[in-house]
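Chain by chain, the residues:
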Amino acid sequence: MTMGHLLVITPGIRAYREYLLQSISRDFRIHLVLTEPPTWELAYVAGHTVVADLADVDALVRVARTVDAGQALDGVICWDETWIEQTAQVAAALGLPGGDRLCVERCRDKYRTRAALDADGVPQPRSVLVSGREEALAVAGDIGYPVVVKPRALAGSFGVVRADSPADLAEAVEFTDASGAWAPDLPTHERNILVEEFAEGPEVSVDSVVHRGTVTPVCLARKEVGFAPYFEETGHVVDPGDPLWSDGTLADVVVRTHAALDFTDGVTHTEIRLTPTGPKVIEVNARIGGGMIPLLHLMGGGPDLALAAADVACGRPPRLRAATGHRRVAAIRFYYPPKDDSVIADVRFETSALPEQVVRCGPLAAAGEVKSPPPRGLMDGRVAYAIALAADADTCRAALDKAGHALRVDVA
């Protein structure tokens, strides 16, 4: 197979996304589009273009056409939720795979996702779009508490809150409505809030590779959530021996979800609650999973999702060959500052106190940054992470507990 030429729109945060560039740079010639001159990215790219605004689709298309004129592009890819719609428009302009903007919008817009899944009878929580507190209170009373309040078009659990009573709901609506100011680059709508049935049960995510309509679930992760009533993702566990792999109902829901959304090419990250009445779809992201989940999958001996994502972005059959050797469970834990508005002086792990199962760890905050735990620091309040590899999930979790005790966060 010849080396493909791939346009990558924005590298993402280094700690979370460098491994993706590293993987695909081995088999693809990468031209990177970003908003600032590259630094660490230079090790992985053949060329780059700096643009002022990634929301400017016309500018992105001009860049793509210029790069394509020099050497024909085989595909375009983005793993940042904020810019996946613009990426689809660039792909469409050049006639490349993944150019179905309407399909991407159906995934980005949680209301449209719900409507598409409902039309095809895919199991999901009951969900109603509302425009304010009074309407939300009426809907919640009809659904029955607890309910979940979530923004229609944000990402990464921003603004998602559980409400157990009318008083909680009023606070949740105010919080969710205000959360739109945290992500000004994402779309807003006049009716911007969903009130949903609370789906009781553990949550999992499934990263699937889709090529010409064929859906292949590749990575299954069990999500760890904290800081209730918010839904902060505090960690993930990827177990190749998870019994859910033999759950035909779960697999069927994943395939039916993609059919309902008419998703035919690309990589997706589907979040599902395992309720007492069966799996229910929470949301679908038209991109590779975050939280370093694909990295866990790779470190545990699974196929390289980054490489598969690049393949299907170029219209090629995905390579899903697992690494040779014994598969292991991989888990990640995220750690948070002690209090709101913590001015970080230093973040480090005492290496002598780390158990042998911790194979990677590091800071997610630099000196001088101000960090807060949730709710003020939803997703961006993390100060460190640790990854463990072991024969079973319990051993991984115990090792990550010890890593937490070995973490030192100095606050100015």
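Residues numbered from 1 in each chain as written. Predicted model: local features only at pLDDT ≥ 70, side-chain atom pairs only at ≥ 80, totals over all residues. Heavy atoms only, no water.

Caption draft 1: Expanded view of the overall build of the protein chain. The secondary structure content of the protein chain amounts to 11 helices and 19 strands. Here the protein chain has a C-alpha radius of gyration of 21 Å; the compact-globule value for 412 residues is 22 Å, and the two agree. Reported as C-alpha extents along the three principal axes, the dimensions of the protein chain are approximately 60 × 55 × 45 Å. Every one of the 412 residues in the protein chain was classed for burial, and the buried ones make up 56%. (Helix = DSSP H or I, 4+ residues; strand = E, 2+ residues; numbered from the N terminus. Rg over C-alpha atoms; globule rule 2.2 N^0.38 Å. Buried < 20%, exposed > 50% of the residue type's maximum accessible area, 1.4 Å probe, protein only.)

Caption draft 2: Representation of the packing of aromatic side chains within the structure. Scanning the model with the defined rule gives four aromatic pairs in all. On the numbers, 6.2 Å between centres and 40° between planes, the contact of Tyr16 with Phe334 is tilted. A residue pair is termed long-range when its members are at least 10 positions apart, and Tyr16 in helix α1 (residues 14–24) and Phe334 in strand β14 (residues 329–335) qualify at 318 residues. Tyr16 sits in the buried class, given a relative accessible area of 16%. Judged by centre distance (6.1 Å) and plane angle (70°), the ring pair of Tyr335 and Phe349 falls under edge-to-face. Taken as a pair, Tyr335 in strand β14 and Phe349 in strand β15 (residues 342–349) lie far apart in primary sequence, 14 residues in all. Accessibility classification places Tyr335 together with Phe349 in one group, the buried group. Above the ring of Phe198, the side-chain terminus of Arg162 is found at 4.4 Å from the ring centroid. Its guanidinium or amino end placed over the ring of Phe334, Arg382 lies 3.7 Å from that ring's centre, counting from NZ or CZ. (Phe/Tyr/Trp six-rings, centres within 6.5 Å; stacked < 30°, edge-to-face > 60°. Lys NZ or Arg CZ within 6 Å of the ring centre and 35° of its normal.)

Caption draft 3: Highlighting a negative patch on the surface. On the surface, a cluster of negative charge is contributed by Asp168, Glu171, Glu174 and Asp177. Considering the arrangement of structural elements, one finds Glu171 in helix α7 (residues 166–179). Given a relative accessible area of 58%, Glu171 falls into the exposed group. (Patch = residues over 30% accessible without salt bridge, like charges linked within 9 Å, V, L, I, M, F, W, Y side chains within 5 Å. Areas by Shrake-Rupley, 256 points an atom, 1.4 Å probe, with all protein chains shown as cover. Salt bridge = Lys/Arg side-chain N within 4 Å of Asp/Glu carboxyl O. Lys, Arg positive; Asp, Glu negative; His and termini not counted. Charge placed at Lys NZ, Arg CZ, Asp CG, Glu CD.)

Caption draft 4: Looking closely at the side chain of Arg287. Its location among the elements puts Arg287 in the loop between β13 (278–285) and α9 (293–299). Residues contacting Arg287, with those up to four places away along its chain left out, are Arg17, Cys78, Trp79, Glu81, Ile84, Val267, Thr268 and His269. (Contact = heavy atoms within 4.5 Å.)

Caption draft 5: Local environment of the packing of helix α2 (residues 57–70) against helix α3 (residues 84–93). In contact at an axis separation of 9 Å, α2 and α3 are set at 45° when each is read in the N-to-C sense. When the interaxial angle is binned, α2 and α3 end up oblique. Where α2 crosses over α3, the two elements pack in a sense that is right-handed. Counting all contacts with α2, which are made through Val57, Leu60, Val61, Ala64 and Arg65, the residues of α3 involved are Gln86, Gln89, Val90 and Ala93. Of the residues that constitute the contact of α2 with α3, the class distribution is six nonpolar, two polar and one charged. (Axes fitted to C-alpha atoms, helices over the stretch in contact; angles between N-to-C directions. Parallel < 35°, antiparallel > 145°, perpendicular 65-115°, else oblique. Left-handed = near helix turned anticlockwise from the far one by under 90°. Nonpolar A, V, L, I, M, F, W, Y, C, P; charged D, E, K, R; others polar.)

Caption draft 6: Here's a closer look at the pairing of strand β10 (residues 214–226). The sheet contact formed by strand β9 (residues 203–211) and β10 spans eight bridges and is antiparallel. From the neighbouring strand, Val209 faces β10, where its bridge partner is Thr216. In textbook terms, the turn of a hairpin is the stretch between consecutive antiparallel strands, and for β9 and β10 this stretch comprises two residues, one of which, Arg212, has a positive phi near 50°. Of the pairings in the sheet, the one linking β10 to strand β11 (residues 232–238) comprises six bridges and is antiparallel in character. (Pairing = 2+ DSSP bridges.)

Caption draft 7: Structural view of the sheet that holds strand β17 (residues 370–371). What the three strands build is an open sheet, ordered β17-β15-β19; its pairing is antiparallel. What marks the edges here is a single partner per strand, and that holds for β17 and β19 (407–411). In the sheet, β15 pairs with β19 via five bridges, with the strands oriented antiparallel. The residue of β19 that forms the bridge with Ile344 is Val411. Contacting β15 and β19, helix α11 (residues 393–406) runs over the sheet at an angle of about 35° to β19.

Caption draft 8: Fine view of the sheet that holds β11. Taken in spatial order, the eight strands make up an open sheet running β13-β12-β9-β10-β11-β14-β18-β16, and their pairing is antiparallel. The strands lining the two open edges of the sheet, one partner per strand, are β13 and β16 (358–363). Strand after strand, the sheet turns through a mean of 25° between neighbouring axes, direction not considered. Examined bridge by bridge, β9 and strand β12 (residues 266–275) share eight bridges and lie antiparallel to one another. If you follow Ser208 over to β12, its bridge partner there is Thr268.

Caption draft 9: Spatial organisation of the pattern of salt bridges. Taken as a whole and judged by the stated rule, the model has 32 salt bridges. Its salt-bridge partner being Glu105, residue Arg112 comes within 3.0 Å of it at the nearest N-O pair. Overall, the relative accessible area of 36% leaves Arg112 in the partly exposed class. Overall, Glu105 belongs to the buried group, its relative accessible area being 13%. Residue Arg333 pairs with Glu224 through a salt bridge whose shortest N-O separation is 3.6 Å. In this pair, Arg333 sits in strand β14 while Glu224 sits in strand β10, placing the two residues 109 residues apart along the sequence.

Caption draft 10: Spotlight on the environment of Ser23. Positionally, Ser23 belongs in helix α1. For Ser23, a relative accessible area of 6% puts it in the buried group. In the structure, Ser23 is positioned 283 residues away from Ala306 in sequence and 6.4 Å away in space, judged by C-alpha atoms. Discounting chain neighbours no more than four positions away, the residues touching Ser23 are Leu298, Asp304 and Ala306.

Limitation: the analysis is restricted to geometry and does not speak to function.
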